[in-house]
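Letter by letter, the chains look like this.
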Amino acid sequence: MPAPHSEIPALQSKIVGLIGEDKYTEVAEAYAAFVKEHPTTTYMAAEPIPFKVADRLAKKYGSSATTTFTLRNSTWASDLATALKGSPAEFGALIGSFDAKVAEIAKTVKKVA
């Protein structure tokens, strides 16, 4: 049987796909199921998720809007990590609010030629 950490790349691939489809509740469900089965991987499984969410928001709304959001909300990544370890609904709702805030910021960001 392979070590639990060797299954993390497959989990991350699944999470990237779900994030790309804005299926954030499902991201938290996949994470919870994985760490339930592999409790020693909690940190390694969770650590890349904020970056992957930020990357998705940057692709949707632009890096300027996403960076502005992260600067205005300096605890966003730790808030996301806390919600991830809470419930899938909490995690989905939090990212939904992040998405809405970044979308609003994107309306005011000057476009660079």
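In this report, we go over the structure that sits alongside the text. This one's a predicted model, so the numbers in the text were calculated from it and none came from an experiment. (Residues numbered from 1 in each chain as written. Predicted model: local features only at pLDDT ≥ 70, side-chain atom pairs only at ≥ 80, totals over all residues. Heavy atoms only, no water.)

Comments concerning the overall build of the protein chain
So, point 1. Helix and strand counts for the protein chain stand at 7 helices and 0 strands.
So, point 2. Secondary structure elements of the protein chain, listed N to C terminal, follow the sequence α-α-α-α-α-α-α.
So, point 3. Against the compact-globule benchmark of 13 Å for 113 residues, the protein chain has a radius of gyration of 15 Å, which places it among compact chains.
So, point 4. Its C-alpha atoms give the protein chain principal-axis dimensions of about 55 × 25 × 20 Å.
So, point 5. In the protein chain, which comprises 113 residues, the share counted as buried stands at 35%.
So, point 6. Considering only contacts in the protein chain between residues 6 or more positions apart, those separated by 24 or more positions represent 68%. (Helix = DSSP H or I, 4+ residues; strand = E, 2+ residues; numbered from the N terminus. Rg over C-alpha atoms; globule rule 2.2 N^0.38 Å. Buried < 20%, exposed > 50% of the residue type's maximum accessible area, 1.4 Å probe, protein only. Contact = heavy atoms within 4.5 Å.)

Let's talk about the packing of aromatic side chains
So, point 1. Tallying each qualifying case throughout the model produces 2 aromatic pairs.
So, point 2. Taking the centre distance of 5.1 Å and the plane angle of 55° together, the rings of phenylalanine 69 and phenylalanine 98 count as tilted. Within this pair, whereas phenylalanine 69 is found in helix α5 (residues 63-72), its partner phenylalanine 98 is found in helix α7 (residues 88-108), the two being separated by 29 residues in sequence. Phenylalanine 98 shares its class with phenylalanine 69; the two are buried.
So, point 3. Seen in terms of ring centroids, tryptophan 76 and phenylalanine 98 are 6.3 Å apart; in terms of plane orientation they differ by 80°. Their pairing is edge-to-face. Separated by 22 residues along the polypeptide, tryptophan 76 in helix α6 (residues 76-85) and phenylalanine 98 in helix α7 bring together distant segments of the chain. The same class applies to tryptophan 76 and to phenylalanine 98, which are both buried.
So, point 4. Put simply, the rings of Phe69, Trp76 and Phe98 touch in pairs and so form one group of aromatic residues. (Phe/Tyr/Trp six-rings, centres within 6.5 Å; stacked < 30°, edge-to-face > 60°.)

Describing the side chain of aspartate 99
So, point 1. Note that aspartate 99 resides in helix α7.
So, point 2. For aspartate 99, a relative accessible area of 13% puts it in the buried group.
So, point 3. At 2.6 Å, the side chain of aspartate 99 forms a polar contact with the side chain of tyrosine 61.
So, point 4. Residues in contact with aspartate 99, not counting those within four places in the same chain, are Leu57, Lys60 and Tyr61. (Polar contact = N/O pair within 3.5 Å; in protein donor to acceptor, adjacent residues only side chain to side chain.)

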